[in-house]
Structures are given as C-alpha cells and as structure tokens.
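# Topology and contacts: notes
The chain contents come next:
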Amino acid sequence: MTDTTTVPDTELAREAAELVRDTAGPLLYDHSSRVYLFGALQGRRRSLAFDAELLYVAALFHDLGLVERHRTDRRFELDGADEARRFLLGHGIDAERARIAWTAIALHTTPGIPEYMEPEVALVTAGVEYDVLGVGYHDLPARDRAAIVAAHPRPDFKRRILAAFTDGIRDRPDTAFGNVKADVLARFVPGFERQDFVTTILDSPWED
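Presented here is a report on the structure given in the accompanying data block. (Residues numbered from 1 in each chain as written. Predicted model: local features only at pLDDT ≥ 70, side-chain atom pairs only at ≥ 80, totals over all residues. Heavy atoms only, no water.)

### Points about the environment of Ala-16
Which entries qualify depends on this criterion: The helix count covers DSSP runs of H or I at least four residues long, the strand count covers runs of E at least two residues long, and both are numbered beginning at the N terminus. Three labels apply to residues, based on accessible area from a 1.4 Å probe with only protein chains included: buried if under 20% of the type maximum, exposed if over 50%, partly exposed otherwise in between. Contact between two residues is taken to exist if any of their heavy atoms lie within 4.5 Å; hydrogens are not considered.
Mapped onto the elements, Ala-16 comes out in helix H1 (residues 11-45). By relative accessible area, which is 0% here, Ala-16 ends up buried. Along the primary structure Ala-16 and Glu-129 are separated by 113 residues, whereas in three dimensions their C-alpha atoms are 22 Å apart. In this structure, Ala-16 is in contact with Val-57, Leu-60, Phe-61 and Phe-87, ignoring residues within four places of it in sequence.

### Notes on the layout of surface pockets
Convention followed: Lining residues are defined by having an atom within 4 Å of a point belonging to a cavity or pocket. Those points lie on a 1 Å grid over the protein atoms alone, cavities being sets where a 1.4 Å probe fits but cannot get out and pockets being open sets with protein on both sides within 12 Å along at least five of seven lines. Grid points are joined across faces, edges and corners, and a volume is the space filled by probe spheres set on the points. Asp, Glu, Lys and Arg are counted as charged, while Ala, Val, Leu, Ile, Met, Phe, Trp, Tyr, Cys and Pro are counted as nonpolar; the rest, among them Gly, fall into the polar class.
Put simply, the largest pocket is a space of about 450 Å³. Val-132, Leu-133, Phe-165, Val-180 and Lys-181 are, among the 22 residues lining the largest pocket, the residues nearest its centre. When contributions to the lining of the largest pocket are tallied by element, the ones reaching two or more residues are helix H5 (119-133), helix H7 (157-169) and helix H8 (181-188). Residue composition of the lining of the largest pocket, by class: 11 nonpolar, 5 polar and 6 charged.

### So, H8
What sets the pattern is the α-helix's 3.6 residues per turn: residues three or four places apart point alike. For clarity, the cut-off: Picture the helix axis, draw a direction to every C-beta atom, and the arc is the one those directions span.
Among the residues of H8, Lys-181, Ala-182, Val-184 and Leu-185 are the ones counted as buried. An end-on view of H8 places all buried positions within 155 degrees of arc, on one side of the element. Packed against the buried residues of H8 are helix H3 (76-90) and H7.

### Description of the pattern of salt bridges
Which entries qualify depends on this criterion: Salt bridge, as applied in this entry: a Lys or Arg side-chain nitrogen positioned within 4 Å of an Asp or Glu carboxyl oxygen.
Applying the stated criterion across every chain yields a total of 17 salt bridges. Of the charged contacts, one joins Asp-79 and Arg-172 as a salt bridge, the two residues approaching to 2.7 Å between their closest N and O atoms. With Asp-79 in helix H3 and Arg-172 in the loop between H7 and H8, the pair connects residues that are 93 residues apart, well separated along the chain. Note on Arg-172: relative accessible area 6%, which makes it buried. Here Arg-170 ties to Asp-167 by a salt bridge, and the two come within 3.9 Å at their closest N and O atoms. Classification of Arg-170 as partly exposed rests on a relative accessible area of 36%. By relative accessible area, Asp-167 is classed as partly exposed at 41%. Residues participating in the shared-partner salt-bridge network are Arg-74, Asp-79, Asp-82, Arg-85 and Arg-172.

Shown next as structure tokens:
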C-alpha cells in the first residue's frame, strides 16, 4: 500500500472504520475513505498541519446521517456530527477534538466557510468537494487519484451517491432549505417544493 492510500493505523481509527463499513455499507464507506485520502492530499499540498486520526474519523462519519439507523428529523449533517462526537468522547477523546470533528461534519455541505476554520474542518469539506464535485480535480496527480480509486472504487458513483442523498433526506425535506440538498430533492423527488428565501422573508408575519 502506498502512502497515498494509507490511513491512520490506530485502534480508534480501526474501530471507526469497522463501524462505518458495517453500518453504512460499501458505497458510503468507500466514499468516506476517499474523502479522507483526498482531503489529506489537499492538506499536504496546502502545507496544513492536521491531525490525521481526527480527520479520518470525521471523514468516515460525515455521511452517517444518511443511514436509516442514524436518521432523525434534523439535517443529516447534524446526525452524523452527533454520532462522531459520541464515538470520540466514548473512546476518551477530549471535548475539543470532538468539537472539531463535529464542526467538520456539520459544515461539510456549507461551502465557503470551512476553508477558514481548523485544518480538519477545512479538509473534510475539501475531500467531499473533490470526490463528489470534482473541485480541484487537477490539483492532485493522476497517479494518486488512480491509486485511491483502485483502493476504494467508485462504480457508477455519481448515480449511486445521488440516490443515497435522495433516500437519506426525502422524508425530511424541510432540512434541505438553504443548502445544496434542495437541488437533489428537486431533481429526484416528485412533488418537492423548494422553499425560497426571498418568499420566506416577504411572507413573514412582519408588516414591513
């Protein structure tokens, strides 16, 4: 295994990987593993000093809120963030590190903010944007990209991840207001009505 596809080899990291692999299945496990690996590469490219173990756990848990077992009626990002914090605190990790992981997951669908926060917060979003959206695609060498995809394949990934997003949030459409998941519901859920920020302001109970 090359450095490009190496993940932290600690008891905490192994337990986190086992939990997510068993709970979320191969699609989200491989995606989350790639999020870590691409995020770590972007971190090294940007000369950021980051906690690899913490970044790994946050990346692994970032989509766990899409999984039925962990869904609530809140935004899926919060469900995953809460599970990561619970996992970390339960393994003796201090509250500050757990807070950073929570923030990284909670903000990973809010572009333009994480990049100015702690490196682990910035790099979870960077890894997500790289793997899902192709943001910064040519920043990383093709050989590194190929090695990561060989270790964690992405067959029919675009269609399958969109289906996972849809399944994970179709029953809580109000949580898509003001974030990118409204685009998913608008495309794949018949009858979904997008909430509009301007209309919400104009229709508020204020007289003016």
